[in-house]
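These are the residues of each chain, in order.
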Amino acid sequence: MKSDTSVIVIACSTGGPNVLREIVSGLDERLQVPIVIVQHMSAVFTKSLAKSLNRLSKIHIEEAKNGEILQNGRVYIAPGGKHIKIMKNLSGDSFFKVYDGSGNLKPCADILLKSLISTSYSNVTVIVLTGMGKDGTAGILLLKQSGKQVFVIAQKPEECIVSGMSKSVIELGLEDKILPAEEIAQAMMKG
């Protein structure tokens, strides 16, 4: 998959790091879209998560920085303890806005997903993995209503450490595929 109009967002919480390790180890440089991971985690741990995942991956993984322009073929981890949005600059480039904001859930997948409505990304793949709560569901719903082409993969709830996030998407019928973690990287590579 290669496109300047496509982006992949992965949302996860409890149990996410282990599933992320499995997914990123199956990705390679043929996947030429930016990938943004929202893992519910505190600030200290997202930087070390990015470093540990980068050692397992054939594509570069780093913690997203405020003002950084998104590059195809890179994986970005939302900084813990902060909100993250994707915005467009005057040149039309998509960049990260990392900021402190209200709410207990930082980073929040819903905030990131809602921000994509105002970008030039017309094809959005959202992968919802293991985790507590419903983060990602409201953002997916708004994205689907926005007219963008949205494809949603939910991790198979039976294999999630906590299935709340995945089940929330499935219960509303927002998913396009339900897959075990071992098949998600392959689905991402196929586009």
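Residues numbered from 1 in each chain as written. Predicted model: local features only at pLDDT ≥ 70, side-chain atom pairs only at ≥ 80, totals over all residues. Heavy atoms only, no water.

Enquirer: Whenever I open this one, the overall build of the protein chain confuses me. Can you help?
Expert: When helices and strands are tallied, the protein chain shows six helices and nine strands. Relative to the globule expectation of 16 Å for 191 residues, the C-alpha radius of gyration of the protein chain, 15 Å, shows essentially globular dimensions. Projected onto its principal axes, the C-alpha coordinates of the protein chain cover approximately 45 × 40 × 35 Å. Evaluated residue by residue, the protein chain yields a buried proportion of 52% over its 191 residues. In the protein chain, of all internal contacts separated by at least 6 residues, the share reaching a separation of at least 24 is 73%. Summing over all exposed atoms, the protein chain offers an accessible surface of approximately 8,500 Å²; the carbon and sulfur share of this is 50%. Across the protein chain, the centroid of the 22 positively charged side chains sits 5 Å from that of the 18 negatively charged ones. (Helix = DSSP H or I, 4+ residues; strand = E, 2+ residues; numbered from the N terminus. Rg over C-alpha atoms; globule rule 2.2 N^0.38 Å. Buried < 20%, exposed > 50% of the residue type's maximum accessible area, 1.4 Å probe, protein only. Contact = heavy atoms within 4.5 Å. Areas by Shrake-Rupley, 256 points an atom, 1.4 Å probe, with all protein chains shown as cover. Lys, Arg positive; Asp, Glu negative; His and termini not counted. Charge placed at Lys NZ, Arg CZ, Asp CG, Glu CD.)

Enquirer: Can you help me understand the side chain of Ser166 in this one?
Expert: With respect to the helices and strands, Ser166 occurs in helix H5 (residues 164–171). Once residues lying within four places of it in the same chain are set aside, the contact partners of Ser166 are Val128, Leu129, Ala154, Gln155, Pro157 and Cys160.

Enquirer: Sorry, what's going on with the sheet that holds strand S7 (residues 123–128) here?
Expert: Two strands in a sheet stick together by hydrogen bonds in their backbones, pointing the same way (parallel) or opposite ways (antiparallel). If you walk across this open sheet you meet the seven strands as S3-S4-S2-S1-S7-S8-S9, and the pairing is parallel. Here the strands that pair on one side only, and so sit at the sheet edges, are strand S3 (60–63) and strand S9 (177–179). Mean inter-strand twist for the sheet, computed between neighbouring axes without regard to direction, equals 20°. As judged from the six bridges shared by strand S1 (residues 6–12) and S7, these two strands associate in the parallel manner. (Pairing = 2+ DSSP bridges. Axes fitted to C-alpha atoms, helices over the stretch in contact; angles between N-to-C directions.)

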